[in-house]
Amino acid sequence: MTEEKWGRPAAGREPAAAALLAWLADPDAPRLCLVTGGAGCGKSTLLAWLVGHGTRPGGRPERRVHGFVPLAGESALTATWTLAGQLLLAARTPGELVDALAADGRRTVLVLPDLHAADDPATVTELVLELLRLDHVRLVVEARDGSEPARGLPATRPAVLNLDEPRWTDPERYAVWAARRPAARPAGHEAGPQSPPVDLDDPAAVCAADPWQVSRRYERSGHGHGGLRVAWMRAGASLTHEGTSPAMRALVLLSALGDDADPRLPGSLAQLSGGTGWQVVWRRVRGDVRPPWPGPARALAAGPGELAGKTVVADHQGTVRLLNEADAAPAGRLPETVRQPRALAAMPDGTALVLDALGAVRGLRAPSAPGPSGLTALLDDGPTPVERLLTALAAQLPGPSTALSSAGGLLAVADGSGEVHAFVQPDGEAEPRSHTAAPHRAAVTALAALRLPATETGAPGVPLVYSGGADGTVRAWGPGADPLPSPVRSRSCPVTALAAGATDAGPVLAIGWADGLVEHHHLDDGTVRAFRPGPPVHALAVTPAGLVHIGTDESLVTLRPV
């Protein structure tokens, strides 16, 4: 594709524009370009030209601009939420944004005008310096000459473009531009109309108001506002997302509300969230005590068989807990811990298969699950179906695994090469059958196994495996056949979590994406629902009753599609 020709910058700034483009293309140039100069010299106009052309599709990779935040009036937090949305990342804090960018590794160019006019220039400058530590990130930062950022950032040895210097302006073109420019507004009249104040104690008011205004006011407020402030700051990346309706903000706020909030708020927010297609069944957030928050949810599974009615949750420290599906009340924990669990699969006999950080799959049995006893134990002392599946897995995949899922005698595992392996335990057969496919061109990041209901009474269900990858696709595969040629879903960011289930309303697929979006696909009628909890989504689970569990580092939320 041929790049569309770039137009000339205004105010005779062709020399400055040429310098900017040369800086972008030079791999050895400093990774920070500081654009400075006095008030009204055209800094913002030059950067608007760069962003306007650099964000068009089809441009040269070295001229591409990936993120743009005018910093006037912004804090480090609101700038983080804006950048995360533009970069298709889920980041609740500046630290999470830096971590997410560090894990990505692709060249990223960010343009940040008006640093001197930020709500707190010092903290936003700290964010700039943290981003500058990433070797693949380039920053174009504008700060007025003489401001604190303009005095401090040169210590990082940036490329400096001071537009007060004559060499960055074509004088003839500047004169033509100045003659056509409207008269400058009198000093003191630069600010636009002020937004009316928002009652931060009123859930209806904060959901209907400009979310960026609400974010700034809550950030500056020293009051809890009945729990609304904490919930808003927890889920702000979702609440400020472009296109979010007031009703959806109410739903997200309710999902982030702590148990110490004003007891009137849950009912008010539930009423305000009508029409979103979702109902919050229960939520547990960091700090909750009634019942207690189970910790960061790094892996989830809906319990079948002996674990029916239970939700299996693994936290960041490797503790695997059981919760009552209906209300999140504690229902026990497994006796062993697992190092940094990445995925869970709950088996009908009460065993939880846990994939750890090293790629090993371990079987942990719930203490409450009954084992064989009496005559049954004497007559059948061979390996259990789960043990047979694990033996087959160990024989075929001696190396580390990257994803795991199961459903009714079907175990699906992905390995480091991007292949997906399915082990199916047919009824009446002693040994599982294995099948392998390579549905992705990149690493497999999540799996969801599903048994579609059989069309004949008593017949086994049809096994199906969904895989999500770092390539941003979700693909379907029936073990024993080729994967479908077209993806079930495709977006411009990686898949972080998958879950599938044969629910009372039909088969369902839930997808978690790296930008924090959760999608709920009803596979029979094609209905798609969406939800953004705010923090990055680590895990999902779908129950037979159709509930959707969403796990993050800050919350565990259960939704019902309505």
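The rules behind the values
- Residues numbered from 1 in each chain as written.
- Predicted model: local features only at pLDDT ≥ 70, side-chain atom pairs only at ≥ 80, totals over all residues.
- Heavy atoms only, no water.
- Core = buried A, V, L, I, M, F, W, Y, C linked by side-chain atoms within 4.5 Å.
- Buried < 20%, exposed > 50% of the residue type's maximum accessible area, 1.4 Å probe, protein only.
- Contact = heavy atoms within 4.5 Å.
- Salt bridge = Lys/Arg side-chain N within 4 Å of Asp/Glu carboxyl O.
- Helix = DSSP H or I, 4+ residues; strand = E, 2+ residues; numbered from the N terminus.
- Phe/Tyr/Trp six-rings, centres within 6.5 Å; stacked < 30°, edge-to-face > 60°.
- Pairing = 2+ DSSP bridges.
- Axes fitted to C-alpha atoms, helices over the stretch in contact; angles between N-to-C directions.

Colleague: What is the right way to read the nonpolar core from this model?
Modeller: Note that soluble globular proteins tend to have their nonpolar side chains buried in a common cluster. Counting residues in hydrophobic clusters, the biggest one holds 42 residues, and the most contacted among them are Val206 and Leu253. Every residue in contact with Leu253, bar those within four places of it in the chain, is listed here: Val206, Cys207, Leu228, Ala231, Trp232, Leu239 and Leu269. Counting residues in each nonpolar core, the second largest holds 31 residues, with Val98, Leu101, Leu139 and Leu153 among its members.

Colleague: Is there a simple way to think about the pattern of salt bridges in this case?
Modeller: Two side chains carrying opposite charge are able to pair once their charged atoms lie near each other. Throughout the structure, instances matching the rule amount to 21 salt bridges. In this structure, Glu74 and Arg216 form a salt bridge, with 2.5 Å as the shortest nitrogen-oxygen distance. Placement of the pair is Glu74 in the loop between β2 (67–68) and α3 (76–86) and Arg216 in helix α9 (residues 211–220), with a sequence separation of 142 residues. The closest approach of N and O atoms between Asp119 and Arg220, which form a salt bridge, is 2.8 Å. Linking Asp119 in the loop between β3 (108–112) and α5 (121–132) with Arg220 in helix α9, this pair joins segments that are 101 residues apart in sequence. Since its relative accessible area comes to 54%, Arg220 is described here as exposed. Within the structure, one salt-bridge network assembled from shared partners comprises Arg92, Arg234, Arg286 and Glu554.

Colleague: Looking at this structure, I do not really get the packing of aromatic side chains. What am I missing?
Modeller: Any aromatic ring pair is given by two values, namely how distant the centres are and how the planes are angled relative to each other. Scanning all chains against the criterion turns up two aromatic pairs. Between Tyr218 and Trp232 the ring centres are 5.9 Å apart and the planes differ by 50 degrees, which places this aromatic pair in the tilted class. Separated by 14 residues along the polypeptide, Tyr218 in helix α9 and Trp232 in helix α10 (residues 228–239) bring together distant segments of the chain. Given the relative accessible area of 0%, Tyr218 is considered buried. With relative accessibility at 0%, the residue Trp232 sits in the buried group.

Colleague: What is the right way to read the sheet that holds strand β14 (residues 401–407) from this model?
Modeller: By way of backbone hydrogen bonds, the strands of a sheet pair with one another, either parallel or antiparallel. Across the sheet, which stays open at both edges, the four strands sit in the order β14-β15-β16-β17 with antiparallel pairing between neighbours. Each end of this open sheet is capped by a strand with a single partner; those strands are β14 and β17 (433–437). Looking at each pair of strands side by side, their axes are set apart by 15 degrees on average, direction ignored. Bridge analysis of strand β16 (residues 420–424) against β17 gives five bridges, and the strand direction is antiparallel.

Colleague: Any chance you could explain the sheet that holds strand β8 (residues 310–314) here in plain terms?
Modeller: Reading across from one edge, β7-β8-β9-β10 is the order of the four strands in this open sheet, with antiparallel pairing throughout. The open sheet has two edge strands with one neighbour each: β7 (299–302) and β10 (330–333). Strand-to-strand twist in this sheet, taken as the mean axis angle between neighbours without regard to direction, amounts to 20 degrees.

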